[in-house]
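Results of the structural survey
Single-letter residue listing:
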Amino acid sequence: MVTRLGRIEALLGRRLDELDYQSIAELMGTPEAAEGEDLDYKQAHYSLADALVDVAEAV
């Protein structure tokens, strides 16, 4: 089952399960794609522990 985030999918112009690097890279500098509760840009890669904490906090 794929998580559906309507605002994010609208920004990307596609479903989350259809994402690729180019789709995400095109968001950079787009005012509508500013960070928010449902969008958080990371400079470094997540560790599994960090990802689990973020998911747990979001629930």
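What you see is a predicted model; the values in this text were computed from it and never measured. (Residues numbered from 1 in each chain as written. Predicted model: local features only at pLDDT ≥ 70, side-chain atom pairs only at ≥ 80, totals over all residues. Heavy atoms only, no water.)

**A word on the environment of A33**
- For A33, the position within the fold is in the loop between α2 (21-25) and α3 (48-58).
- Accessibility expressed as a relative area gives 3% for A33, which makes it buried.
- C-alpha separation for the pair A33 and R7, spaced 26 residues apart in sequence, amounts to 9.4 Å.
- Apart from residues no more than four positions distant in its own chain, A33 is found in contact with L11, L27, L39 and Y41. (Helix = DSSP H or I, 4+ residues; strand = E, 2+ residues; numbered from the N terminus. Buried < 20%, exposed > 50% of the residue type's maximum accessible area, 1.4 Å probe, protein only. Contact = heavy atoms within 4.5 Å.)

**Some details on a nonpolar patch on the surface**
- Nonpolar side chains collect at one region of the surface, where L19, I24 and M28 lie side by side and expose about 240 Å² of accessible area between them.
- Relative to the helices and strands, L19 resides in the loop between α1 (6-12) and α2. (Patch = residues over 30% accessible without salt bridge, like charges linked within 9 Å, V, L, I, M, F, W, Y side chains within 5 Å. Areas by Shrake-Rupley, 256 points an atom, 1.4 Å probe, with all protein chains shown as cover. Salt bridge = Lys/Arg side-chain N within 4 Å of Asp/Glu carboxyl O.)

**Considering the side chain of E9**
- Secondary-structure assignment places E9 in helix α1.
- In this structure E9 touches T3, R4, R14, R15 and L16, once residues within four positions along its chain are discounted.

**A short note on the nonpolar core**
- Core analysis: the largest hydrophobic core is formed by five residues, namely I8, L12, L27, A33 and L39.
- Setting aside residues up to four positions removed in sequence, L27 forms contacts with L11, L12, A33 and Y41. (Core = buried A, V, L, I, M, F, W, Y, C linked by side-chain atoms within 4.5 Å.)

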